[in-house]
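Listed below are the residues making up each chain.
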Amino acid sequence: MPDVMRAELWHAMADAAGLIRADGSIGETIYGQMTALAAATESVNLGQGAPGTDAPPQLIEAAAAAMRGGFNQYAPGQGHAEFLSAVAAQRTRDFAHRVTSEQVLFTCGATEALTASILALLPRGGTVLTFEPYYDAYPAAVTAAGGSLVTVPILPREDGGFGPDWQVFDEVVAATHPSIIIVNTPHNPTGFVFGPADFERVGAAAVAADAWILTDEVYEQLVLDGGTHLPPAMAVADPGRVVTVSSAGKSWNATGWKIGWVIAEPEVRETIQAVKQFLTFTSGGPLQIAMARMLAEDSRFVAENRRSLQARAEVLVSACRSVPGARASIPASGYFTVMDFSALTDLDAFAVNERLAERFSIVGIPVPALCREGSAAHRAYRASIRYSFCKSAADVDRAAQLFRALAEVLETDPDSLRG
Ligand code: PMP
Ligand code: GLN
C-alpha cells in the first residue's frame, strides 16, 4: 500500500496536538487515552468531559418526533431554518445578544465550527493566539490552515481563582500580530469566566492587530454560583470582528449529538459556510429540529442541569480539598476542578495520574496534555490534574470517597505520592 508518510498534513496535525509518540506511532487523544487507563485500572473515570447523566426525555421525544415527521434527509447547508431562528432567539433571550437567522450557521459541534472558522479566516502563514491550557482541537486546526499558534497562559491566582497573564498577552500581540484571537469563555479546564475588563483588553488588541475574535462558548450555560456568562460579541468595542462559536452538548447532556453553531456577520458566516459545506456539508437533520424546539421553548432543563452540576461539584471539590497538601480549585463554571499536587510530589501530572489510578482508582486529565511542551502554562500545571464532576451522582460519590481515602493515607504518610 502507499506510504502514509508521504502526506504531511495528518502527521503535522497529530503532532500539533501532541499525539505523535516518541517511537513515531500515533496516540489517541488524551481523552481516549485516559478513558482506556480508567477501564484498565477499574478506576472512576473523571477524565473526558462526557456527562454521566442523560439528556432530558423531552429532547429525546422531540428527536423521535422529528424523525417520524420526515426530517430524515439532508438538511440545508446553513442548517434547518427552524434551528437557525431558535439559536437567534436563544442568544437574545439568554444573553441579550441580538442575532438574526442570517448570521447563524449550523455545524457538527463546536469542533467543526472552530475548524471551519480557522480554515476560512486564517491567512496562509498567519498566527492564531489562544489562551493556554486550551482545547486540543485548536492547534490541529491551526496547523491544517497552515498557520502558527502562540499562547498566553491562564494561571492560578493567589485568591484561588485563575486569570490570564495580561502582560504576556500584550507582549505576544505586539510581537506576533495575530490574525485570530481565540477566547474560550467559560474556560476549559480552569473555569475562568472572562469579564468586561478582560474583553476591553482583548477587543483593543484585536483592533490593533486587525484580528478576528473567535469565541468558544460551549460552557455558556454552566456558570456556577449564580455568575453570568458574557458573550464576547456583547462586550468588545467592535463586535463585527467577533465570530461566536457554541454548541448544545454540554448544556443539554447531549454531547453525542454534536449540535453546534457559528454566529457572525452574514458575509462572514457565508465565508465560513463555504468551508464547512465541504467538511460535512450537513449533519444531524432531525436532531437540529429537536434541539431547535428545546432552544426556542424550554430553558428549564438547562437551569436544573446547572443546579445539579453545582451540587456534584460541591461533593467532589470538598473531597478533593480534604487532601492535605494538594490544592483543588473551586470552579467558577463548567465541568472541572483543577487539582495541583506539586507540593506533594516531584512526579509530573501523568505519573501522578497513573499512580492514583493504580492505588486509588481515580483517573483525570493531566493538565500539561492541554499545554505546549516548555510553555509557562506547561510549567505552572506540571503536576495538575483536571477532574470532571459532570459524571453520574454515583460516580461523583464514589470519587469523593476515594479522594477521602487518599487524604487519610497522606495524613499518615505524606510522602506516598513522591517518586
Ligand atoms: N471547546 C471546548 C472548550 C470543549 O471543552 C469542547 C468539548 N466539548 C469543545 C470545544 C467541543 O465541543 P463539541 O462537542 O460541540 O464539538
Ligand atoms: N471537551 C471534552 C473535554 O474537554 C472532550 C471532548 C473530546 O473527547 N474530544 O473533556
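Above this note sits the structure.
Residues numbered from 1 in each chain as written. Chains lettered and ligands numbered in written order. Predicted model: local features only at pLDDT ≥ 70, side-chain atom pairs only at ≥ 80, totals over all residues. Heavy atoms only, no water.

1. Describing the overall build of the chain
Each helix and strand in the chain was counted, giving 15 helices and 14 strands. The C-alpha atoms of the chain give a radius of gyration of 21 Å, which matches the 22 Å a tight globule of 419 residues would have. Along the three orthogonal principal directions, the C-alpha set of the chain runs to about 65 × 55 × 50 Å. The burial tally for the chain puts 56% of its 419 residues in the buried class. Taking contacts inside the chain between residues at least 6 apart in sequence as the whole, the part at least 24 apart equals 73%. Only carbon and sulfur atoms are counted for the fraction: they give 54% of the accessible area of the chain, which is about 17000 Å². (Helix = DSSP H or I, 4+ residues; strand = E, 2+ residues; numbered from the N terminus. Rg over C-alpha atoms; globule rule 2.2 N^0.38 Å. Buried < 20%, exposed > 50% of the residue type's maximum accessible area, 1.4 Å probe, protein only. Contact = heavy atoms within 4.5 Å. Areas by Shrake-Rupley, 256 points an atom, 1.4 Å probe, with all protein chains shown as cover.)

2. Notes on the nonpolar core
Leu-316, Val-323, Met-339, Phe-341, Leu-356, Tyr-387 and Phe-403 are the most contacted members of the largest nonpolar core, which has 62 residues in total. Counting residues per element, this core draws most heavily on helix 15 (residues 393-412), which supplies eight residues. With residues near it in sequence (within four places) discarded, Leu-356 still touches Phe-341, Ser-361, Ile-362, Ile-385, Tyr-387, Leu-406 and Leu-417. Counting residues in each nonpolar core, the second largest holds 29 residues, with Trp-166, Val-183, Val-242 and Val-367 among its members. (Core = buried A, V, L, I, M, F, W, Y, C linked by side-chain atoms within 4.5 Å.)

3. Focus on the site of ligand 1
Near ligand 1 you find Gly-109, Ala-110, Thr-111, Tyr-135, Asn-184, Asn-188, Asp-216, Val-218, Tyr-219, Ser-247, Lys-250 and Lys-258, and these make up its full shell. In this structure, an oxygen atom belonging to ligand 1 sits 2.6 Å away from a side-chain N or O atom of Thr-111. Note that an oxygen atom of ligand 1 is positioned 2.6 Å from one of the side-chain N or O atoms of Lys-258. Taken by itself ligand 1 offers 390 Å² of open surface, and the protein chains cover 92% of this. Considering each element in turn, the shell around ligand 1 owes the most residues, three residues, to helix 5 (residues 109-121). Split by residue class, the shell around ligand 1 holds four nonpolar, five polar and three charged. (Near = heavy atom within 4 Å. Polar contact = N/O pair within 3.5 Å; in protein donor to acceptor, adjacent residues only side chain to side chain. Nonpolar A, V, L, I, M, F, W, Y, C, P; charged D, E, K, R; others polar.)

4. Thoughts on the sheet that holds strand 10 (residues 327-328)
Pairing is antiparallel in the open sheet, where four strands are placed in the order 10-11-14-13. What marks the edges here is a single partner per strand, and that holds for strand 10 and strand 13 (365-366). As paired elements, strand 11 (residues 336-340) and strand 14 (residues 384-388) share five bridges and run antiparallel to each other. Among the inter-strand pairings, Met-339 is bridged to a residue of strand 14, identified as Ile-385. Across the sheet, helix 13 (residues 349-360) touches strand 13 and strand 14, and the angle it forms with strand 14 is around 50 degrees. (Pairing = 2+ DSSP bridges. Axes fitted to C-alpha atoms, helices over the stretch in contact; angles between N-to-C directions.)

5. Side note on the site of ligand 2
Around ligand 2, the structure places Tyr-31, Gln-48, Gly-49, Tyr-135, Asn-188, Lys-250 and Arg-386. Between a nitrogen atom of ligand 2 and a side-chain N or O atom of Tyr-135, the distance comes to 3.3 Å. One of the side-chain N or O atoms of Asn-188 is found 3.0 Å from an oxygen atom in ligand 2. For ligand 2, whose accessible area on its own is 300 Å², the fraction buried by protein is 81%. Classifying every residue of the shell around ligand 2 gives two nonpolar, three polar and two charged.

6. Quick look at the state of the cysteines
Under the defined criterion, the tally for this structure stands at zero disulfides. Cys-371 carries a free sulfur, and the closest cysteine sulfur to it, the one in Cys-320, is 19 Å from it. The class of Cys-371 is buried, set by a relative accessible area of 9%. Its sulfur unpaired, Cys-390 is 14 Å from the next cysteine sulfur, which belongs to Cys-320. Residue Cys-390 is classed as buried on the basis of its relative accessible area, which comes to 1%. (Disulfide = S-S within 2.5 Å.)

7. What to know about the packing of helix 1 (residues 9-16) against helix 6 (residues 137-144)
Relative to each other, helix 1 and helix 6 sit at 150 degrees, their axes nearing to 7 Å. Classified by the angle between their axes, helix 1 and helix 6 sit roughly antiparallel to one another. Considering how the two elements wind past one another, helix 1 and helix 6 form a crossing that is right-handed. Contact residues: helix 1 offers Leu-9, Ala-12, Met-13 and Ala-16, while helix 6 offers Pro-139, Ala-140, Thr-143 and Ala-144. (Parallel < 35°, antiparallel > 145°, perpendicular 65-115°, else oblique. Left-handed = near helix turned anticlockwise from the far one by under 90°.)

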